[in-house]
Amino acid sequence: MTFPDLPPILAIETSCDDTAAAVWASGRLASSVVAGQRVHQRFGGVVPEHASRAHERLIVPAVQAALDEAGLAVSDLGAVAVTVGPGLAGSLLVGLGAAKGIALGAGVPLIGVNHLEGHVYSVMIAEPRPPLPFLCLTVSGGHTLLTLVEADFRHTELGRTRDDAAGEAFDKVAKMLGLPYPGGPHVEQWAESGDAAFLDLPSPRLGPKGRRGDELFDLSFSGIKTAVRYWITGLPESERAEAVERHRADVCASFQQTVVQALVEGVRQAVRETGVGAVAVVGGVSANRGLRAAIAQAGQADGFETFVPDTAHSVDNAAMIAVTAAAKWAAGQADGLDLAARPSLAL
Ligand code: KG4
Ligand code: ZN
């Protein structure tokens, strides 16, 4: 993939609980700003109405910071990109409204970007970039799927989770163990000092050898979550709080290892069956050091190349929206002011 020297693109991402803006200029990332929303910690999850209100407060400062960091003004922009979905309707509308206002004011085109395609393209922000075709494992708070990226914007799905997303499972197990939201980074941290052999948890891979019907890569996280819950409720009530406290690191390590193994085994099988020699792992859970190490090790053992974004570009950000927009624009794709939010958009 090549990125011709396009005029600067401002990108806006507000699909969930991060208010993000970035600038792509002269074929590279010029700035990236993410304003996280602390308001959700109090509720142990994202409250949509709070998310849209926080986006309203944070969007203009985030855009201004991204422009300042890039040393540019609105009048320097060549296009404005924005996430159209999937995501929370109210949150998407805040980003879309801001993007339309700026595009209209600057007299430049709008470029709508699919958030999931943004995650896939997060491995294109920096070099080395994966060659086409490549397999892409997207593991976030809302999605878990394996796709074959055959050409620009051509994704074939090879499998997905049947219930929770991987990040959602991390968040729910974290909550059961008394850890704050979002739970993924906390589980990772606790897992480091734990004994992964403490709990024998069911693998999220479905069916014998992870297969059900013709599916190549199918997962379900309900069994592993239930197993953790049963371990907790099986403890005598009088000792429960103390035992959870004492074994929190062990449960985190057992859970993380089981999930990472299932994801990596699924990818190895897909590599074997497709013969594709490049694998990208993207989305919030790809920030997990255990997963990053395991996929790199599998690549070395099986002879496939691996690509993961910088940790800052694993979790939600606007840099990935900017780079996707650059690729779309270079391919002649742009949108008008009738661009609509699409909360249920698929990849
Ligand atoms: O991609 P993302 O920022 O937002 C969505 O598009 O969903 O992903 C957020 C998810 C959350 O569930 C969070 O707990 C998880 O990614 N996550 C992690 C880690 N960092 C974020 N999960 C495991 N280990 C991490 N280090
Ligand atoms: Zn995301």
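Because the structure is a prediction, the values reported are computed rather than measured.

## Quick look at the sheet that holds strand β7 (residues 144–151)
Then, number 1: What the six strands build is an open sheet, ordered β9-β8-β7-β6-β10-β11; its pairing is mixed. The open sheet has two edge strands with one neighbour each: β9 (217–219) and β11 (305–307). Across the sheet, the axes of successive neighbouring strands diverge by a mean angle of 25 degrees, strand direction being ignored.
Then, number 2: Inspection of the sheet shows strand β8 (residues 154–161) paired to β9 by three bridges, in the parallel sense. Its bridge partner lying in β9, G159 is registered against F217.

## A short note on the coordination of the zinc ion (ligand 2)
Then, number 1: Coordination sphere of the zinc ion (ligand 2), protein contribution only: H115 (NE2), H119 (NE2) and D316 (OD), at 2.0 to 2.1 Å.
Then, number 2: Its four donor atoms give the zinc ion (ligand 2) angles of 96 to 134 degrees at the centre, a pattern that matches the tetrahedral case.
Then, number 3: Written as a sequence motif, the donor residues of the zinc ion (ligand 2) are H-x3-H-x196-D. Placement of the pair is H115 and H119 together in helix α3 (residues 115–121), with a separation of four residues, close to one helical turn.
Then, number 4: When its relative accessible area of 7% is taken as the criterion, H115 is described as buried.

## Quick word on the environment of L132
Then, number 1: Examined against the element boundaries, L132 turns out to sit in the loop between α3 and β6 (134–139).
Then, number 2: For L132 and L6, which are 126 residues apart along the polypeptide, the C-alpha to C-alpha distance reads 22 Å.

## Let's talk about the packing of helix α4 (residues 166–176) against helix α7 (residues 237–274)
Then, number 1: The geometry of α4 relative to α7 is characterised by a closest axis approach of 11 Å and an angle of 170 degrees between their N-to-C directions. In this view, α4 runs roughly antiparallel relative to α7, as classed from their interaxial angle. Together, A169, F170 and V173 of α4 and F255, Q256 and V259 of α7 make up the contact between the two elements.
Then, number 2: Taken together, the residues that form the contact of α4 with α7 break down as five nonpolar, one polar and no charged.

## A closer look at unusual backbone geometry
Then, number 1: Omega for the bond connecting L132 with P133 falls within 30 degrees of zero, at -5 degrees, which places this linkage in the cis form.
Then, number 2: Along the chain, P133 falls in the loop between α3 and β6.
Then, number 3: Look at the link from Y181 to P182: it is a cis peptide, with omega at -10 degrees.
Then, number 4: Inspection of the secondary structure assignment puts P182 in the loop between α4 and α5 (184–191).
Then, number 5: Phi is positive for F153, close to 65 degrees, though the residue is something other than glycine.
Then, number 6: In this fold, F153 is placed in the loop between β7 and β8.
Then, number 7: Owing to a relative accessible area of 21%, F153 belongs among the partly exposed residues under this scheme.

## Description of helix α1 (residues 48–70)
Then, number 1: The first and last C-alpha atoms of α1 sit 31 Å apart over 23 residues, in line with the 33 Å expected at 1.5 Å per residue.
Then, number 2: At L58, α1 shows its maximal kink, close to 45 degrees; a proline, P61, follows between one and four residues later.
Then, number 3: Burial in α1 covers these residues: A51, S52, A54, H55, I59, A62, V63, A66 and L67.
Then, number 4: Among the residues trailing α1, G71 stands out with phi positive, at a value near 70 degrees.

## Structural notes on the pairing of strand β10 (residues 278–282)
Then, number 1: Extensive coverage of β10 is indicated by the burial of five of its five residues.
Then, number 2: Summarising the sheet, β10 and β11 pair through three bridges and their orientation is parallel. Considered in β11, the bridge of A280 is made with F307.
Then, number 3: In this region the chain leaves β10, passes through helix α8 (residues 289–302) and returns to the parallel neighbour β11; the handedness of that crossover is right-handed.

## Digging into α4
Then, number 1: Among the eleven residues that make up α4, eight are buried, leaving the element largely enclosed by the rest of the structure.
Then, number 2: The set of residues buried in α4 consists of A166, G167, A169, F170, D171, V173, A174 and M176.
Then, number 3: For α4, the elements touching its buried residues are β6, β7, α5, α6 (222–233) and α7.
Then, number 4: A positive backbone phi angle near 80 degrees is found at G178, which sits one or two residues after α4.

## Considerations on the site of ligand 1
Then, number 1: For ligand 1, the set of nearby residues contains 21 residues, the closest of which are G141, D171, E188, N288 and D316.
Then, number 2: D171 is positioned with one of its side-chain polar atoms (N or O) 2.6 Å from an oxygen atom of ligand 1.
Then, number 3: Protein burial of ligand 1: of its 550 Å² of free accessible surface, 89% is covered by the chains.
Then, number 4: Of all the elements in the fold, those that place two or more residues in the shell around ligand 1 are α3, α4 and α5.
Then, number 5: Ranked by the residues each element gives to the shell around ligand 1, the list is headed by α4, at four residues.
Then, number 6: Of the residues assigned to the shell around ligand 1, the class counts are six nonpolar, eleven polar and four charged.

What counts and how
- Residues numbered from 1 in each chain as written.
- Chains lettered and ligands numbered in written order.
- Predicted model: local features only at pLDDT ≥ 70, side-chain atom pairs only at ≥ 80, totals over all residues.
- Heavy atoms only, no water.
- Pairing = 2+ DSSP bridges.
- Helix = DSSP H or I, 4+ residues; strand = E, 2+ residues; numbered from the N terminus.
- Axes fitted to C-alpha atoms, helices over the stretch in contact; angles between N-to-C directions.
- Donors = N, O, S within 2.8 Å, 3.2 Å for Na, K, Ca; no water.
- Tetrahedral: all angles 85-135°; square planar, octahedral: opposite > 155°, others 65-115°.
- Buried < 20%, exposed > 50% of the residue type's maximum accessible area, 1.4 Å probe, protein only.
- Parallel < 35°, antiparallel > 145°, perpendicular 65-115°, else oblique.
- Contact = heavy atoms within 4.5 Å.
- Nonpolar A, V, L, I, M, F, W, Y, C, P; charged D, E, K, R; others polar.
- Expected span 1.5 Å × (residues − 1).
- Bend = angle between axes of the 7 residues up to and from the residue.
- Right-handed = clockwise from strand over helix to strand, strands pointing away.
- Near = heavy atom within 4 Å.
- Polar contact = N/O pair within 3.5 Å; in protein donor to acceptor, adjacent residues only side chain to side chain.
- Areas by Shrake-Rupley, 256 points an atom, 1.4 Å probe, with all protein chains shown as cover.

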